[in-house]
Amino acid sequence: MGKKKKQALSRDYINKYLIGNSKSIDKYFQNVEPFIDLIVTSPPYWNMKNYENNKEQIGFGQTYDEYLHDVKQSFQNVFDISKSTASLVLIVDTLKKGGRMVRLPDDIARQLEEIGWIHQDTIIWDKVKTLPWSRKGQMRNVFEYILIFSKTKRYKYNMDSIRVVEDMKEWWIGYPERYNPKGKVPENIWEFLIPTQGSWGSKQNFGEKEFRHACPFPPELMARVIKLLSDPGDIVFDSFAGTGVLLAVARKLNRKFIAFDINETYKEVFEKVTIPLVDSVWDDIERHYEIQEKLKQLMAINIAKLRALKYPYALMKKQKEYDIFKIVIANSEPISGNDKIDAYTLAKVNYKLFVDTNDIAEISILSQKINEILSKAPFTKYGVLSNFEVYPYNEFSKHLNSLKFPQYLYSGSSFNNYFKEIESAAEFENMINNSILSELKEKNVCPVLSNIKIHSADYELLPAEEYKKAGYRDVYSEGLLRRIDMVLNSITVHDGFV
Ligand SMILES: C[S@@+](CC[C@H](N)C(=O)[O-])C[C@H]1O[C@@H](n2cnc3c(N)ncnc32)[C@H](O)[C@@H]1O
């Protein structure tokens, strides 16, 4: 008998919270083309909780082996209907039973690997708050595990969508080549405040029925994993949906959802409590991403400028033995179709170094040496498409006169804050005559004249100290956004930058 051709998923399942046993969801999707893009789920933690006395429930009343067997079956089912680019995010915790620790995350991870899921990452979810009690041999438990698995090695991973600009230490300004202009990759400890019991289905907001929440996921956490591991239009799936926070967030992020739980009450909670609750916090979550996007814009502009200006500065530092360096002109210009650029190119800059000698042979050797240095790391990591030329200082006036003004003068020791705006070649000639150059020339590093303008006021917002990463709902958002807008509007992006 030949194999039956697989069918596309029926539209009837799209955006549905279904009541069904995750051990047997295979029966719903017989002969269906794999359709899941992302699974985010949290099975019962063995028999920690009795989810409303349903005899089909996994965990409660089972031996540990029976429990692991059923969990494995449910994850085999979702594996079979997942696309090859899919990932699975499992949120789970250890537990204490019979006086010893049960390493549920390890044991479930092993089952998942036996199925074929590939373990990619382990993240600690710091819930910030915890219950006030602990037991012998165990501290107050404040974290859970977020385990990320993929179906194959070619899974979706949209890191740029969740990069952050936060906790920027002051010294980043001195080392712009070390920072990705798109923002930082988040650390693997995620602080997301656990939703409090009161706000998730108390008597008042869920009719007459008493409802106890089943460890609802924080909407912020869901937003981060959905953005990281799926695209708009994708199908996200939860086989132990509970209050359905994942689904409500997926809806907001233009993803489709399909979910299963055995408990009818939770489906009702999802519709009556979770959807309105996620709606009510959504503005704050969007605001977080809006602020991050703007901070990243600011960061990208500043990193490009700082790298272009640090480039000659770093070179001078390497060439300290020369005391013939007089001044550098660093002028950025637009990248053209013929330029060889790659994904890391940020700017094209022409550098002209003027030296205190007329000896052509000496200049030629120096130029060769410099270009050799620039063809190696760290200079190859700056993202600067450079053209570096060396000239005798007696040609400086000619080059100065061909520049477009205003230009910005940087003293040799500070490439991240311009010292003076120069209106014309004449104004600069005048300054040289007043020997300002030698006054500026500190530590054997020569001054730089550039069409790139950067001032400390442009980037002092970036550390954004008041912007807290714990929870997105910070009270400073409005003011911070206004200030970022102000700075972004005041920055002129030189058209030499990509
Ligand atoms: C830890 S809770 C999930 C909480 C959920 N992540 C949320 O945000 O509310 C586990 C859920 O699994 C459900 N469950 C238990 N056994 C199941 C089974 N065999 N099939 C489907 N769901 C099941 C329970 O009803 C419970 O809602």
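Residues numbered from 1 in each chain as written. Predicted model: local features only at pLDDT ≥ 70, side-chain atom pairs only at ≥ 80, totals over all residues. Heavy atoms only, no water.

A. Looking closely at the overall build of the protein chain. A tally of helices and strands in the protein chain yields 11 helices and 16 strands. The buried share of the protein chain, taken over its 498 residues, is 52%. In the protein chain, the share of contacts with a sequence separation of at least 24, taken over all contacts with a separation of at least 6, comes to 76%. (Helix = DSSP H or I, 4+ residues; strand = E, 2+ residues; numbered from the N terminus. Buried < 20%, exposed > 50% of the residue type's maximum accessible area, 1.4 Å probe, protein only. Contact = heavy atoms within 4.5 Å.)

B. Representation of the pattern of salt bridges in the model. Following the criterion strictly, the structure yields 21 salt bridges and no others. A salt bridge links arginine 103 to aspartate 106, with the nearest nitrogen and oxygen atoms 3.4 Å apart. Look at arginine 103 and you get exposed, because its relative accessible area is 51%. Taking relative accessible area as the criterion, aspartate 106 reaches 37% and is therefore assigned partly exposed. Connected via shared salt-bridge partners are Lys156, Asp231 and Asp234. (Salt bridge = Lys/Arg side-chain N within 4 Å of Asp/Glu carboxyl O.)

C. A look at the nonpolar core. Counting 78 residues, the largest nonpolar core has Phe35, Phe75, Ile108, Trp117 and Phe237 as its most contacted members. Among the elements that line this core, the one with the most residues is helix H5 (residues 264–318), at eight residues. Look past the residues within four positions of isoleucine 108 in its chain and what remains in contact with it is Pro43, Tyr67, Leu68, Val71, Phe75, Leu90 and Val92. (Core = buried A, V, L, I, M, F, W, Y, C linked by side-chain atoms within 4.5 Å.)

D. Looking closely at the side chain of arginine 255. Along the chain, the position of arginine 255 falls in the loop between helix H4 (245–252) and strand S10 (256–261). The side chain of arginine 255 sits in the buried core without any salt bridge; aspartate 231 is the nearest counter-charge, 5.2 Å away. Polar side-chain contacts of arginine 255 include one of 2.7 Å to the backbone oxygen of serine 230. Setting aside residues up to four positions removed in sequence, arginine 255 forms contacts with Asn15, Ile226, Lys227, Ser230, Asp231, Pro232, Gly233, Asp234, Val236 and Ala250. (Lys, Arg positive; Asp, Glu negative; His and termini not counted. Polar contact = N/O pair within 3.5 Å; in protein donor to acceptor, adjacent residues only side chain to side chain.)

E. Spotlight on the confidence of the model for the protein chain. Of all residues in the protein chain, 88% attain a pLDDT of 70 or more, and the chain-wide mean is 87. The model gives residues 201–205 a pLDDT under 50, and that stretch makes five contacts with residues more than four places away or in other chains. (pLDDT = per-residue confidence, 0-100.)

F. Highlighting the environment of phenylalanine 60. Along the polypeptide, phenylalanine 60 turns up in the loop between strand S2 (36–41) and helix H1 (64–80). Relative accessible area serves as the criterion here: at 38%, phenylalanine 60 is assigned to the partly exposed category. In the structure, phenylalanine 60 is positioned 12 residues away from methionine 48 in sequence and 7.1 Å away in space, judged by C-alpha atoms. Among residues more than four places away in sequence, those in contact with phenylalanine 60 are Trp46, Asn47, Lys49 and Asn50.

G. Structural detail: the packing of helix H3 (residues 219–229) against H4. As a packed pair, H3 and H4 sit with axes 9 Å apart at the nearest point and diverge in direction by 60 degrees. Accordingly, the angle class assigned to the pair H3 and H4 is oblique. H4 is crossed by H3, and the crossing has right-handed handedness. Each of Pro219, Met222, Ala223 and Ile226 in H3 lies in contact with H4, whose residues at this interface are Val245, Leu246, Val249 and Ala250. For the contact of H3 with H4, the residue count by class is eight nonpolar, no polar and no charged. (Axes fitted to C-alpha atoms, helices over the stretch in contact; angles between N-to-C directions. Parallel < 35°, antiparallel > 145°, perpendicular 65-115°, else oblique. Left-handed = near helix turned anticlockwise from the far one by under 90°. Nonpolar A, V, L, I, M, F, W, Y, C, P; charged D, E, K, R; others polar.)

H. Layout of the environment of histidine 288. Looking at the secondary structure, you find histidine 288 in helix H5. Overall, the relative accessible area of 5% leaves histidine 288 in the buried class. Separated by 193 residues in the primary sequence, histidine 288 and leucine 481 place their C-alpha atoms 9.6 Å from one another.

I. Just the sheet that holds S2, in detail. With respect to topology, eight strands assemble into an open sheet ordered S1-S10-S9-S2-S3-S7-S6-S8, the strand pairing being mixed. Strand pairing shows two members of the sheet lacking a second neighbour, strand S1 (16–19) and strand S8 (189–191), which therefore form its edges. Within this sheet the neighbouring strands show an average axis-to-axis angle of 20 degrees, counted without direction. Here four bridges tie strand S9 (residues 235–238) to S10, and the two strands are oriented parallel to one another. Counted as the bridge partner of aspartate 238 is alanine 259 from S10. Packing against the sheet, H3 makes contact with S2, strand S3 (82–92), strand S6 (118–126), strand S7 (143–150) and S8, and its axis sits at approximately 155 degrees to S2. Relative to the sheet, H4 contacts S1, S2, S9 and S10, its axis offset from that of S10 by approximately 170 degrees. (Pairing = 2+ DSSP bridges.)

J. Just the packing of aromatic side chains, in detail. Counting across every chain of the model gives 28 aromatic pairs. When the ring of tyrosine 28 is compared with that of phenylalanine 29, the centres are 6.1 Å apart and the planes differ by 40 degrees; the resulting orientation is tilted. With centroids separated by 5.6 Å and ring planes inclined at 85 degrees, the aromatic side chains of tyrosine 311 and phenylalanine 379 adopt a geometry described as edge-to-face. Taken together, the positions of tyrosine 311 in helix H5 and phenylalanine 379 in the loop between helix H6 (360–374) and strand S13 (384–392) put the pair 68 residues apart, joining distant regions of the chain. Residue phenylalanine 379 is classed as buried on the basis of its relative accessible area, which comes to 3%. In textbook terms, an aromatic cluster arises when at least three aromatic residues are bridged by ring pairs, as seen for Tyr13, Tyr28, Phe29, Phe35, Phe237 and Phe260. Across the ring face of tryptophan 46, the terminal group of lysine 97 is positioned such that the distance to the ring centre comes to 5.1 Å. Looking at lysine 326, its charged tip hangs above the ring of tyrosine 393, at a distance of 4.7 Å from the centre. (Phe/Tyr/Trp six-rings, centres within 6.5 Å; stacked < 30°, edge-to-face > 60°. Lys NZ or Arg CZ within 6 Å of the ring centre and 35° of its normal.)

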